[in-house]
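Structural characterization, general
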Amino acid sequence: MPRLRAPVRPLPQRAWLITVPLAAAAILLTVAAQAGHSVPAERWAVAALYFGLFLAAEQTNVQFEVRRQRWNASLSEVPLLLALFYLPPLPIVVARSTAQLIVYLRRARTPEKVWFNVANAGAATAVAILVTQTLVLLKGDAGPRSWLVLTAAVAANALVTTCTVTGVIALVQGRIPTGHLVRAAVSGFAVSSVNIVLGLAVLLIIQQSPWAVVLLVALLSISVLLYRSYQQLMSQHRRLTELYDLVRAVRAAPDGMLYDVVLRHVRQLLRAEYATLWLPAKGRHLEVRLSARADDEGLVDVVLTPDSMRRRAVEQDRIVAAGPKIGDEETQQELQRAGVKDAIVVPLHSGSAVIGTLEVAGRLGDDSASQFTKGDVQLLETVAVHAAVAVENSRLVDRLRYDAYHDGLTGLPNRRRTTEALEESVAVRAPGEVVAVLLFDVDRLRDVNESLGHAAGDKLLIEVANRLRTHAPPAALVGRVGGDEFVVTLRAESAEAAAELAVELRGLVCDPMVFDALTLDVDLAIGVAVHPDHGSDPETLLRRADVAVTAAKGQPGGVQVFSVGLESRSVRRLELAGDLRRALDDGQLEVYFQPKVTLTDRRLVGVECLARWEHPAHGAVAPEDFVAVAEHTGQLGRLTEAVLREGLRRCRDWADADRPLSIAVNLSPRTLVDPAFPAQVEALLGEYGVPPEQVTFEIKEDGVTGPTDRPIPTLRRLRDLGVRLAVDDFGTGYSSLSYLRRLPVHEVKIDRTFVQGMATDPGDHAIVRAVVALSLQFGLTVVAEGVESELTLDLLKDMGCEIGQGFLFSRPLPYERLEAWFNARTETEPTPLGEVRKLRAVT
């Protein structure tokens with residue numbers, strides 16, 4: 001029948017609110033049942049026998065745990081049934097209550113629990129006696145009517161016990177969940193039913209022959225041994241089942257619930273008050289110190305195990321356990337000082353390394369059977385192996401998930417994570433706000449990698465990431481979406497406010513970066529796109545921010561807000577990629593020629609070869625558009641060769657006509673890093689028979705004056721071939737004039753913006769004068785672009801500039817119109833080297 005066993009903590013004093021009334025009820029009911037009856041002396045001798053039977057029956061039990069308490073269902077209903085049939089009321093109550101007192105004095109440690117169980121046994125027994133008296137049990141008749149009366153009496157005993165146990169648990173610890181209560185009650189009544197049937201069978205056997213008692217005692221002893229063996233077997237089976245459930249639950253644990261699953265099952269498996277998992281901080285993983293506690297649904301940051309036990313387990317890599325049945329005396333004293341009954345600490349291993357500990361403390365109950373044993377130590381050690389694997393797998397999955405959503409170099413969210421966060425942001429937009437995407441492009445990162453090494457480039461990117469993370473608003477998401485591209489997403493009042501923030505961040509990030517003895521200057525181009533004005537999905541916003549970045553690279557401030565016009569140009573370039581390939585295959589590109597004239601005597605000395613493309617659908621395509629397409633689609637080499645071939649062919653024709661003219665061809669910076677280009681030039685010069693000095697290659701200033709020296713070897717090889725080299729659009733790159741001293745170039749072309757403004761702007765006039773003076777000091781030829789007036793020509797001539805090029809002389813012309821221009825605007829002048837062309841007049 002059910003009995004209340006030891007809780008994890010002693011029962012509070014309010015348990016006496018049930019114990020005292022129970023004791024009073026037991027006494028009053030016993031007195032009422034015994035009233036008017038005497039107890040012969042021989043009956044007390046028989047009662048002593050039943051006292052022994054009650055003691056023996058209490059040694060066989062099945063335990064049911066309800067919250068922090070356990071019910072103990074035993075065979076005590078068997079001697080109770082027999083006693084109800086053979087003994088008067090008072091001896092039954094005395095024998096059973098005394099047996100309960102002795103049993104629980106040995107098992108329990110708290111007086112509240114001892115006296116509750118004694119009072120409960122007395123009251124339940126008295127109720128059973130009253131049922132037999134009410135239903136009139138015939139003492140000498142063991143027939144069916146007596147069976148029913150005895151069954152009702154023993155059932156009443158079980159019902160009273162169930163109610164009182166439930167009441168005291170609810171009083172001490174609060175309301176019991178209905179499911180727990182039903183399961184425990186059904187199990188207890190099932191055991192009582194078996195005991196009733198067994199007791200009736202024993203009664204019938206005794207009625208047949210008193211000597212059957214001897215056989216019954218032997219049978220009972222054997223049954224007790226078998227019962228205990230069965231209980232141990234069931235206990236082992238239960239543990240194996242719980243261990244299997246633990247392993248299966250760990251495998252199926254949802255994300256973020258692994259620790260909860262492990263600790264909850266470990267606590268239940270070892271019937272401990274606390275199960276604790278401790279993992280020290282490692283890398284980006286914070287320290288974990290969580291416990292599953294009896295009666296708590298979730299995990300708590302509270303542990304019972306002393307830190308000294310955990311420290312020894314980790315430092316010595318061994319199991320540390322202590323309690324009445326395990327461990328050394330010193331550790332037991334530590335537990336006593338901490339107020340803990342017993343505890344086991346098992347190290348968790350990953351390979352040979354200790355990654356943490358798995359701990360249990362406070363075995364539920366306070367009797368000798370409620371203590372950790374060596375078997376529990378081995379069991380926890382087995383569980384720790386599975387727990388360690390699960391923790392490492394969980395961390396591995398977490399690390400893989402982190403790596404899948406973060407950049408390995410900077411630790412910032414990568415493109416995938418940024419896209420997901422941006423998708424969440426555009427899904428919910430507050431009125432009067434926009435979701436802004438600020439795309440940062442680190443300029444010339446490739447140059448840093450090539451000149452200083454990838455380590456310097458990595459340091460540069462890490463520093464940019466740190467500065468963006470530091471200076472971006474707290475609610476902003478900073479991510480890295482490409483090799484040299486960073487993104488900041490946030491909510492802003494408008495596109496203009498986002499642009500202002502972009503300008504502010506650019507100023508903060510672009511401060512010089514110092515790495516040891518190395519100082520790097522950083523430049524950023526920033527494109528801004530906002531939702532809903534520029535797109536309703538993350539991919540569109542990022543793409544349009546990228547379009548704005550490309551446009552920002554040509555802006556003085558380096559910041560550009562997206563507009564539809566920018567995308568139309570970008571889309572058009574994309575459409576032109578296939579058309580450009582077909583145009584090169586079919587020879588649709590045409591080369592125009594713009595004359596170059598000496599400023600002093602206005603002699604025609606050469607032409608600049610310029611590619612032009614008349615698209616059948618789009619009309620005239622701007623050179624910067626199709627050159628950019630050629631650069632990004634791998635067709636730049638074919639484009640350069642086509643222009644160079646046409647220029648050399650015309651140069652050969654002019655030489656054959658005794659009108660020698662030099663040609664100038666523009667080169668992209670990408671061409672200068674092609675090691676095969678000089679050999680190609682040499683082959684073409686030989687193919688057309690053009691002297692090298694008749695060819696000038698013009699390279700934009702930012703292509704030869706950057707931080708990297710990669711173009712220098714190609715420039716030197718071209719110079720060694722004998723061709724002339726010129727720095728085009730000089731002045732737009734803001735480089736030092738002294739940098740020209742280390743370049744293997746022959747001439748400098750002053751950018752048209754300075755030449756066109758020099759007649760009205762003193763600043764432009766001073767720049768042009770400085771460039772001309774220093775270039776002449778270095779022995780370089782100076783060519784001025786954008787000469788459009790006689791005043792400008794006179795100013796340049798006074799400065800010492802030698803050659804001019806501009807609309808004052810002629811626009812770029814196709815070959816046929818150039819020939820007509822030759823005949824209409826120039827006249828021949830004989831020289832020792834042949835005829836040269838001289839302008840007749842300029843209007």
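See the structure above.
Read on for an overview of the structure. (Residues numbered from 1 in each chain as written. Predicted model: local features only at pLDDT ≥ 70, side-chain atom pairs only at ≥ 80, totals over all residues. Heavy atoms only, no water.)

Thoughts on the overall build of the protein
Along the protein, the regular secondary structure elements total 27 helices and 27 strands. A sequence separation of at least 24 residues applies to 68% of the contacts in the protein between residues at least 6 apart. Total accessible area on the protein is roughly 38800 Å²; 57% of this is exposed by carbon and sulfur atoms. (Helix = DSSP H or I, 4+ residues; strand = E, 2+ residues; numbered from the N terminus. Contact = heavy atoms within 4.5 Å. Areas by Shrake-Rupley, 256 points an atom, 1.4 Å probe, with all protein chains shown as cover.)

A closer look at the packing of helix H25 (residues 762-777) against helix H26 (residues 790-799)
It is at 10 Å that the axes of H25 and H26 come closest, and there the two elements cross at 40°. Between H25 and H26 the crossing geometry is right-handed. In contact with His 765, Val 768, Arg 769, Val 772 and Leu 776 of H25, H26 contributes Leu 795, Leu 796 and Met 799. Looking at the contact of H25 with H26 residue by residue, the class counts come to six nonpolar, one polar and one charged. (Axes fitted to C-alpha atoms, helices over the stretch in contact; angles between N-to-C directions. Left-handed = near helix turned anticlockwise from the far one by under 90°. Nonpolar A, V, L, I, M, F, W, Y, C, P; charged D, E, K, R; others polar.)

Here we look at the pairing of strand S4 (residues 288-293)
In terms of strand pairing, strand S3 (residues 272-279) meets S4 through six bridges, oriented antiparallel. Note on S4: the bridge partner recorded for Leu 279 is Val 288. As paired elements, S4 and strand S5 (residues 299-300) share two bridges and run antiparallel to each other. Along S5, the bridge assignment pairs Ala 292 with Leu 299. (Pairing = 2+ DSSP bridges.)

Quick word on the side chain of Arg 267
Its location among the elements puts Arg 267 in helix H9 (residues 258-269). Since its relative accessible area comes to 13%, Arg 267 is described here as buried. A polar side-chain atom of Arg 267 sits 3.0 Å from the main-chain carbonyl oxygen of Ala 272. When neighbours within four sequence positions are excluded, Arg 267 is seen to be in contact with Ala 272, Glu 273, Tyr 274, Ala 275, Ala 292, Arg 293, Ala 294 and Leu 364. (Buried < 20%, exposed > 50% of the residue type's maximum accessible area, 1.4 Å probe, protein only. Polar contact = N/O pair within 3.5 Å; in protein donor to acceptor, adjacent residues only side chain to side chain.)

Regarding the sheet that holds strand S11 (residues 485-492)
With mixed pairing, five strands are arranged side by side in an open sheet as S10-S11-S9-S14-S15. Bordering the open sheet on either side are strand S10 (477-480) and strand S15 (559-561), each of which pairs with just one other strand. For this sheet, the mean angle separating the axes of adjacent strands, direction not counted, is 20°. Sheet topology note: the strand S9 (residues 434-442)/strand S14 (residues 524-531) ladder contains eight bridges and is antiparallel. Pairing of Leu 439 across the sheet is with Gly 527, part of S14. Along the sheet, helix H15 (residues 454-471) makes contact with S9, S10 and S11, crossing S11 at roughly 5°.

Regarding the sheet that holds S4
Taken in spatial order, the six strands of this open sheet run S5-S4-S3-S8-S7-S6, and their pairing is antiparallel. Every interior strand has two partners, whereas the edge strands, S5 and strand S6 (320-322), have only one. As paired strands, S3 and strand S8 (residues 353-363) are joined by six bridges and run antiparallel to one another. Pairing of Ala 275 across the sheet is with Val 360, part of S8. In this fold helix H11 (residues 329-338) packs onto S6 and strand S7 (343-350), with an angle of close to 70° to the strand it touches most, S6. Each of S3, S6, S7 and S8 is contacted by helix H12 (residues 374-405), which is oriented at about 40° to S7, the strand it contacts most.

Considering unusual backbone geometry
Of note, the amide linkage connecting His 531 to Pro 532 takes the cis form, showing an omega dihedral of 15°. Tracing the chain through its elements places Pro 532 in the loop between S14 and helix H17 (538-552). A positive phi angle is found at Asp 317, which is not glycine, with a value near 50°. Along the chain, the position of Asp 317 falls in the loop between helix H10 (307-315) and S6.

Notes on the nonpolar core
Judged by nonpolar contacts, the single largest core of 73 residues is most densely connected at Leu 648, Trp 654, Ile 663, Phe 697 and Leu 796. The element that contributes the greatest number of residues to this core is helix H20 (residues 636-656), accounting for seven residues. Trp 654 has contacts with Phe 593, Val 607, Arg 659, Pro 660, Leu 661, Ile 663, Tyr 815, Leu 818, Glu 819 and Phe 822, leaving out every residue within four places of it along the chain. Of all hydrophobic cores here, the second largest spans 37 residues; its members include Ala 465, Met 513, Leu 520 and Val 559. (Core = buried A, V, L, I, M, F, W, Y, C linked by side-chain atoms within 4.5 Å.)

Topic: the pairing of strand S21 (residues 724-730)
For S21, a buried count of six out of seven residues is recorded, marking the element as mostly surrounded by other parts of the structure. The pairing of strand S20 (residues 695-700) with S21 spans five bridges and is classified as parallel. Across the sheet, Glu 698 pairs through a bridge with Ala 726, a residue of S21. With three bridges connecting them, S21 and strand S22 (residues 747-750) associate as parallel partners. From the neighbouring strand, Val 727 faces S22, where its bridge partner is Val 748.

Quick word on the packing of H20 against helix H21 (residues 677-688)
At a closest axis distance of 10 Å, the pairing of H20 and H21 adopts a crossing angle of 30°. As the angle between them shows, H20 and H21 are arranged roughly parallel. For H20 against H21, the interelement crossing comes out right-handed. Where H20 abuts H21, its residues Thr 640, Glu 641, Leu 644, Arg 645, Leu 648, Arg 649 and Arg 652 lie against Phe 677, Gln 680, Val 681, Leu 684, Leu 685, Glu 687 and Tyr 688. In terms of residue class, the contact of H20 with H21 is built from seven nonpolar, two polar and five charged. (Parallel < 35°, antiparallel > 145°, perpendicular 65-115°, else oblique.)

Describing H17
Compared with the 21 Å implied by 1.5 Å per residue over 15 residues, the 21 Å span of H17 between its first and last C-alpha is a close match. Across the 15 residues of H17, 11 count as buried, placing the element largely inside the fold. Buried residues of H17: Pro 538, Thr 540, Leu 541, Leu 542, Arg 544, Ala 545, Val 547, Ala 548, Val 549, Ala 551 and Ala 552, and no others. Capping the start of H17, Asp 537 holds a side-chain oxygen 3.3 Å from the backbone nitrogen of Glu 539, two or three residues further along. (Expected span 1.5 Å × (residues − 1).)

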